[in-house]
Amino acid sequence: MYRTALRNVLAHKGRLLMTALAVMLGTAFVAGTMVFSDTFGKAMKDSNSKSYSDVSVQVVDRAADAEATGKHRDQSAPSELTDSAVQQLAALPGAANARGVVSGFTGVADKKGALIGQTWSAKGSNFAPGANGADPRYPMAEGRGPQNDKEVALDRKTADKAGYKVGDTVRVASTGPVVEAKLTGVFTTDDPVVNTGGTLTLFDRATAQQVLLEPGRYSSIVLTAKPGTSQEALLAEVKAKLGNNPVDIETGAQLKADQESMITRSTDGLRTMLLVFASISLFVGIFIIANTFTMLVAQRTRELALMRAIGASRKQVTRSVLVEALVIGAVSAVAGLLAGVGIGAGLQSLMGSLNESMPSGSLVIKPLTVVVTLVVGVVVTVLSALLPARRASRIAPVAAMSSGDQPASHKSLLIRNTIGSVLAAGGLALIGYGASTGDDTGRTPVGIGAGLALIGVFVLLPLLSRPVVALVGPLLRGLGGTPGKLAQQNAVRNPRRTAATAAALTIGLTLVSGLTVIGSSVSGALDKSLTSSVKADYLVDAANGMALTAPLTDKVAKAPGVTAASPLIEAYWLLGDTSVKVTGLNPDTYQQLVKMQLNSGSADAVGKGQLLIASDLAKKLNVTAGSTVKASFSDRSSDTVTVGGVFEKGGVLGEVVMSNAAIAKHEAKPRTVAVLVKGQDGATSALKQSLTDATGANPVIEVKSMQDVRDGFSQTITFALNMMYGLLAMSVLVAVLGVINTLAMSVFERKREIGMLRAIGLDRRGIKRMVRLESVVISVFGAGIGLVLGCFIAWAINGTLKSDMAGLTTVLPYGQLALFLALAGLVGLVAAIWPARRASKLDILESIKTD
């Protein structure tokens, strides 16, 4: 039986080709993902491991670290990292030396004024020379280190990228005024910021403290141990010296381990996301494999029955089919592994082309990658062939005297339809219940319901195929005449086969349409929210999301053409036991800049030091206009504040609105996230230029009209959708292979019928049209079911997001959905090219005498 199975694989290698390709593509996606994530992770770890080569112990100021990363910080915790702390730590018995480090965001402009690199990877630090005038951390390749506030040094990669030479004037900036300084040196470094494509600017110590933190203050202190002193011993000395100060103290080894752990988590997240889409491709492939073996078993009914008649047991027949699947799975998985290595190398090259400074290394092919790829390929193929193998074992020996497909019993179809109906109804009920909750508690029911509904619809597809295909019957007959009528009949002749072929496209279109509807709905809600809540013409903020400095906000407010302006301050307080974001605005101008729908109270309450509170939060805290509520502030003080009004949440406003002056009483350094500006003549190009000039043409600061803000949201959503579409492209390709495979095998199965059609007058063109229209019908059927299901699931998901996004409603982008349906028809047309050509070239007499 095993030899027979192997001979069958070789005999039907043409018909099994598409199945092998489907398995190969799915396993290649898996292997490529694992190779790329392992290679990228190792390169990142190797690059970052050099960063702590001279660090025995590092002391980090928590408050400074919060400021550098744009996070909310504890205002009551004083900074302890000063020159005095550096001297005390340097005097420890186990310390060879200690150096203070100032670190923060610093952008560098190129010669055209544009920011070099990305805002998230632009860093500034201090040049810390030793007795010999050199800083071992940043050895100068050209020139010398900066010595005053008019001098800077740049890393080699940044200087080369911008074409800067020693002696040139360089414009650098954080979120305050632009600094024009002379480039005194170009240095080399193994700093991970530079190794991953970022920029690094060095100032002298005093300037770095002034620009990045505050005079006399350090972000961290790095200690190097004396020979013979372990990192743990020096760590104990530092902890004993600093006591319970608000600092984080770690050894260099621990810092390296933490960094590697963070890189591992990041690469694991990337790997998980990619493997999810690889799993979708493999899931789609299951339908192709099962359909292929079902058709092969049907075509070999007499052969299998004859084997039963001469003594083969049911187990032997089952095993022979599974052995065929095992061989196909193993060969395809090996091919997929080889293709996956190529995909991994291609992704690495793509990353390098997008960011030439991204760390790279040799490909990493772990034994786990090989094992997982081979096991996945074999297991998926064998499991997919299990049902067809069981059907093969049930073929009676008497079937050797007949030919043709063994029809499914009415009982089996009844059971299938009953199970499908129960699953689909239960899934749709769960989806509806989850959507009705209106908050995140409904997401789990929606997720479970979506899975059940999808499975139920798959099971019911044979039942749905007849009425749905019948709807397009008149159109097919009108467009294709007799070939169109034959195409309709062929599409519903074997509903199970049609359903299995269409299911692959249903999966892809469910995901694509669902993502599209959610994206359009979120984009529409954000646009509506911004339009309905903002009167300002321009919004000025930092491209990296960092806080703006007070001098810059003052200059923006005084720019020519500005009639009203207000800094937008954010703080996080406790109202009762609830943590809330408090938005601060100037009481004398905010009503000219924002729209607020008050349910009760007065907008003027902001000027009296009272707060305005969103209706949802007011309901949660059980307060109304005139109520008082206990507030706990970031400076660890508390007080009772009065609710001056209740408004509908939305737009740029948080859950609580107060005056900037009231917030500043409890925030030592209020965090200004943006400035809202109203112009005398509206959003004009002259006003935009005036605001840009007020920022000193700072490359880090963005001056955006409300349309720019809306476009930014739309671009972000579009990018995310395009990335998802790209990742789903593999599953769509696998689905196309399924259509080609089904049609090709169907043509082989219907050779006699096609020969008879040719004999009674249907020409080659008619045969081609019949096969093409059949393919289009199957593709559009699967896509249509996917569109309906995807839109319904998207509606439910939107329902669970309403509590997080005010004004969210489901938006159906009819143009895009129609385009998806048209593309599905085009996919069917393309998939039919080879089978249709093959069918039209069949010899009439040879086909008619086919047994």
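Please refer to the structure placed before this passage.
In this numbering scheme, every chain counts its residues from 1 along its sequence in written order. Side-chain atom pairs in this predicted model are given and counted only at pLDDT of 80 or more, local residue features only at pLDDT of at least 70, and totals for whole chains, interfaces and linings cover all residues. Working from all heavy atoms in the structure, the side-chain values ignore hydrogens and water.

Caption draft 1: Representation of helix α8 (residues 231-242) in the model. Comment: elements are numbered from the N terminus, with helices defined as DSSP H or I runs of at least four residues and strands as E runs of at least two. Working rule for helices: expected span equals 1.5 Å times residues minus one. With 12 residues, α8 extends 16 Å between its outermost C-alpha atoms, agreeing within 8% with the 16 Å of an ideal straight helix rising 1.5 Å per residue. Under the scheme applied here, a residue whose accessible area is under 20% of the maximum for its type counts as buried, over 50% as exposed, and between as partly exposed, the area being computed with a 1.4 Å probe on protein chains only. Looking only at α8, the buried set comprises Leu234, Leu235, Val238 and Leu242. What you see down the axis of α8 is that its buried residues fit within an arc of 105 degrees, all on one side. More than 90 degrees from the buried face of α8, the exposed residues found are Glu232 and Ala240. Positive backbone phi, approximately 60 degrees, marks Gly243, located one or two places after α8. This arc is built from the directions going out from the helix axis to the C-beta atoms.

Caption draft 2: Layout of the nonpolar core. Only buried residues count toward a nonpolar core, which is a set of Ala, Val, Leu, Ile, Met, Phe, Trp, Tyr and Cys residues joined through side-chain atoms within 4.5 Å. Phe458, Leu461 and Ile767 are the most contacted members of the largest nonpolar core, which totals 67 residues. In terms of residue count, helix α25 (residues 764-801) provides more of this core than any other element does, 13 residues in total. For this analysis, residues touch if any pair of their heavy atoms sits within 4.5 Å. Leave out the neighbours within four places in its chain, and Leu461 touches Ala499, Ala503, Thr506, Phe781 and Ile785. In terms of nonpolar packing, the next biggest core, distinct from the first, is built from 36 residues, Val57, Leu81, Val108 and Tyr164 among them.

Caption draft 3: Looking closely at the packing of helix α15 (residues 443-471) against helix α17 (residues 495-533). Two elements in contact, α15 and α17, have axes whose closest approach is 9 Å; the angle formed by their N-to-C orientations is 130 degrees. Between α15 and α17, the angle falls in the class oblique. When the axes of α15 and α17 are compared, the crossing they make is right-handed. Of the residues in α17, those touching α15 at Leu454, Phe458, Leu461, Pro462, Ser465 and Arg466 are Pro495, Arg496, Thr498, Ala499, Ala503, Thr506, Ile507 and Thr510. Under the convention adopted here, Pro, Cys and the residues Ala, Val, Leu, Ile, Met, Phe, Trp and Tyr are nonpolar, Asp, Glu, Lys and Arg are charged, and Gly plus all remaining residues are polar. Class assignment for the residues of the contact of α15 with α17 results in 8 nonpolar, 4 polar and 2 charged. Each axis is a line fitted through C-alpha atoms, taken for helices only over the stretch in contact, and angles between the N-to-C directions span 0 to 180 degrees. Between 65 and 115 degrees an angle is taken as roughly perpendicular, under 35 as roughly parallel, over 145 as roughly antiparallel, and anywhere else as oblique. Crossing chirality is assigned from the near helix's rotation relative to the far helix, an anticlockwise turn below a right angle marking it left-handed and a clockwise turn marking it right-handed.

Caption draft 4: Empty space enclosed by the protein, seen in detail. Using a 1 Å grid laid over the protein atoms alone, points where a 1.4 Å probe fits but cannot get out form a cavity; open sets with protein on both sides within 12 Å along at least 5 of 7 lines form a pocket; any residue with an atom within 4 Å of a point counts as lining. Grid points are joined across faces, edges and corners, and a volume is the space filled by probe spheres set on the points. Summed over all chains, the structure comprises 1 cavity of 30 Å³ or more. What the largest cavity holds in volume is close to 30 Å³. Every residue lining the largest cavity is listed: Phe287, Ile288, Asn291, Ala500, Thr501, Gly738, Asn741 and Thr742. Residue composition of the lining of the largest cavity, by class: 3 nonpolar, 5 polar and no charged.

Caption draft 5: Spotlight on a positive patch on the surface. Taken together, the side chains of Arg314, Arg390, Arg391 and Arg394 present a region of like positive charge at the surface. Secondary-structure assignment places Arg394 in the loop between α13 (386-393) and α14 (410-437). Using a relative accessible area of 52% as the deciding quantity, one classes Arg394 as exposed. Here the term patch refers to residues with relative accessible area over 30% and no salt bridge, with like charges joined within 9 Å and nonpolar side chains (Val, Leu, Ile, Met, Phe, Trp, Tyr) within 5 Å. We get accessible surface area from the Shrake-Rupley algorithm with a probe of 1.4 Å; when it comes to residues, only the shown protein chains can shield them. A pairing counts as a salt bridge when a side-chain nitrogen of Lys or Arg comes within 4 Å of a carboxyl oxygen of Asp or Glu. Residues scored as positive are Lys and Arg, those scored as negative are Asp and Glu, and His as well as the terminal groups of each chain are ignored. We put the charge of a Lys on NZ, of an Arg on CZ, of an Asp on CG and of a Glu on CD.

Caption draft 6: Quick peek at a nonpolar patch on the surface. A cluster of nonpolar residues, Leu819, Leu823, Leu826, Leu829, Val830 and Ile833, forms a patch on the protein surface that exposes about 520 Å² of accessible area. Considering every element that reaches the nonpolar patch, the biggest residue donor is helix α26 (residues 814-831), with 5 residues. Locating Leu819 in the fold gives a position in helix α26. Look at Leu819 and you get partly exposed, because its relative accessible area is 46%.

Caption draft 7: Broad picture of the pattern of salt bridges. Summed over the entire model, instances satisfying the criterion amount to 16 salt bridges. Here Arg156 and Glu142 are joined by a salt bridge, their closest N and O atoms 2.8 Å apart. Taken together, the residues span a long stretch of sequence, with Arg156 in helix α5 (residues 156-162) and Glu142 in strand β6 (residues 140-143) at a distance of 14 residues. Taking the relative accessible area as the measure of exposure, Arg156 reaches 27% and is therefore partly exposed. Here Arg217 makes a salt bridge to Glu214, at a shortest N to O gap of 3.3 Å. Through salt bridges with shared partners, a single network forms among Asp38, Arg271 and Lys366.

Coordinates in, geometry out; function isn't part of it.
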